[in-house]
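Architecture at a glance
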Amino acid sequence: MEISEKAPAKLNFSLDTPFRHPDGNPEWKMVMIAVDLADYVHIKTKTDSKDITVRTDTGFLPCDERNLAFQAAKKLQQLFRKNEGVEITIDKNIPVSAGMGGGSSDAAAVLRGLNKLWNLSLEKSQLAKIGLEIDSDVPFCIYSEPALVTGKGEIITPIGDLEPMCLVIAKPHDSVSTPSILKKIDYSKIVHQDVDGILDAISKRNYAEMTKKMGNALEPITAKRHPDIWKIKQKMLKFGCDAAQMSGSGPTVFGVCRKYQRAVRVYNGLRGFCNEVYIVRPFSLKE
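Summary of the structure given here. What you see is a predicted model; the values in this text were computed from it and never measured.

**Some thoughts on empty space enclosed by the protein**
One pass over the structure, following the stated rule, counts 1 cavity of 30 Å³ or more. Counted as a void, the largest cavity has a volume near 40 Å³. Lining the largest cavity, in full, are Leu162, Glu163, Met165, Ala201, Ile202, Arg205, Asn206, Tyr207 and Met210. Its residues placed into classes, the lining of the largest cavity shows 6 nonpolar, 1 polar and 2 charged.

**Focus on the packing of helix H1 (residues 68-79) against helix H2 (residues 102-117)**
Where H1 contacts H2, the two axes come as close as 7 Å, and the packing angle between them is 30 degrees. Classed by the angle they form, the pair H1 and H2 counts as roughly parallel. Relative to H2, H1 is oriented so that their crossing is right-handed. Only Gly103, Ser104, Asp106, Ala107, Val110, Leu111, Leu114 and Asn115 of H2 make contact with H1, whose side of the interface consists of Leu68, Ala69, Ala72, Ala73 and Leu76. Broken down by class, the residue content of the contact of H1 with H2 amounts to 9 nonpolar, 3 polar and 1 charged.

**Notes on the pairing of strand E7 (residues 166-171)**
Among the 6 residues that make up E7, 6 are buried, leaving the element largely enclosed by the rest of the structure. The side-chain alternation of E7 yields two buried faces, one formed by Cys166, Val168 and Ala170 and the other by Leu167, Ile169 and Lys171. In terms of strand pairing, E7 meets strand E10 (residues 253-257) through 5 bridges, oriented antiparallel. Residue pairing for E10: Leu167 is matched across the bridge by Val256. Note that E7 and strand E11 (residues 276-280) share 5 bridges and pair antiparallel. Considered in E11, the bridge of Ala170 is made with Val277.

**Some details on the packing of aromatic side chains**
Tallying each qualifying case throughout the model produces 1 aromatic pair. Seen from their ring centres, Phe13 and Phe254 are 5.7 Å apart, and the 10 degrees between their planes marks the pair as stacked. Placement of Phe13 in strand E1 (residues 2-16) and of Phe254 in strand E10 is noted, with a sequence separation of 241 residues between them. Assessed through its relative accessible area of 0%, Phe13 is described here as buried. Of note, Lys235 hangs over the ring of Phe273, and the distance from its end group to the ring centre comes to 4.9 Å. It is Arg258 that lies over the ring of Tyr207; its NZ or CZ is 4.6 Å from the centre.

Conventions and cut-offs
Residues numbered from 1 in each chain as written. Predicted model: local features only at pLDDT ≥ 70, side-chain atom pairs only at ≥ 80, totals over all residues. Heavy atoms only, no water. 1 Å grid on protein atoms, 1.4 Å probe; cavity = no way out; pocket = protein on both sides within 12 Å on 5 of 7 lines; lining within 4 Å. Points joined across faces, edges and corners; volume = space filled by probe spheres on them. Nonpolar A, V, L, I, M, F, W, Y, C, P; charged D, E, K, R; others polar. Axes fitted to C-alpha atoms, helices over the stretch in contact; angles between N-to-C directions. Helix = DSSP H or I, 4+ residues; strand = E, 2+ residues; numbered from the N terminus. Parallel < 35°, antiparallel > 145°, perpendicular 65-115°, else oblique. Left-handed = near helix turned anticlockwise from the far one by under 90°. Contact = heavy atoms within 4.5 Å. Buried < 20%, exposed > 50% of the residue type's maximum accessible area, 1.4 Å probe, protein only. Pairing = 2+ DSSP bridges. Phe/Tyr/Trp six-rings, centres within 6.5 Å; stacked < 30°, edge-to-face > 60°. Lys NZ or Arg CZ within 6 Å of the ring centre and 35° of its normal.

Structural measurements only, silent on function.
Encoded structure:
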C-alpha cells in the first residue's frame, strides 16, 4: 500500500520563548503558518521486510537514522509493533537548514501517511505528541494551518485562516544550527514579543496591525552571527514589504506584502543578492 502526502514549509509570524524548562528545552509561544512551498513525501509499506528506507532527490540530506522522516516511521513501527517495512521517497522543494521546518514537515507527513496506511485512527493531537519526540516543529507540521504554538511545541491551537497576502522568502547561503542558537538565549536580555497582540489582530482580520506586531525573539541572536539576515530584511522593507523578519532560528528571512505585484517587485529586487528566493501564499492543510 502507498500514499503521498504534502509537506508544507512553515514560517513564524511571531516567535517568543518565555522561559527555559529544567530539561533545557525552551517554552514556546509562537504564531506559525504553513505556506504553499512544499515537499512531497511518498510512503509505501512493504510486507517482505521490516526495513525502513529513505530516498531524496537532493544530496544535502542524510537518508539514515539522522533523517527525521526515517525517525517518524521507526517510532510508529515500534510503538504499534508493526512488522511491515516502509519505503519513503521525498521530493524536496523546501530549502535545507533554513528555519522553515522542511525536515519536520517531512516527518509529519510520514506520521500522517502511516496513520492512514496502518489504520491507527490517531487524532492530530496524538500524532503531535508523538512528533514532539522527533523535533519541536513536528507537532505544528502535523496540522500545517495558522496556529498558536505553546508548551515545548506540542500544544497546537488553530486560529483560522489569514487575510489574503503574499510572502517573499529569501534564504541566505548560510546554514544555521538550531541547537547552537537555542543555547545562546539569555533570558535576562531577550526581547519578548507581543504574541497576544498579533493573535488579536489576526482574529479581527486587521492586516496593518498584524504586520506591526510581528517579531522573532531569536532574530538578534542569529543575525549577530549571520549579518546577511539584517541586510536581506532591510532590502525587503526598502523594496516595499509591509513587514520583514527571520523565520525560526534562521537564516531564512520573509517579507509580507498585501498585493502580488508588490511581492514580484521585492522578489526581483532580491534576486541579485540571494540565490534562493520564492513567492508563496499562506496555506492550510485541510484533511
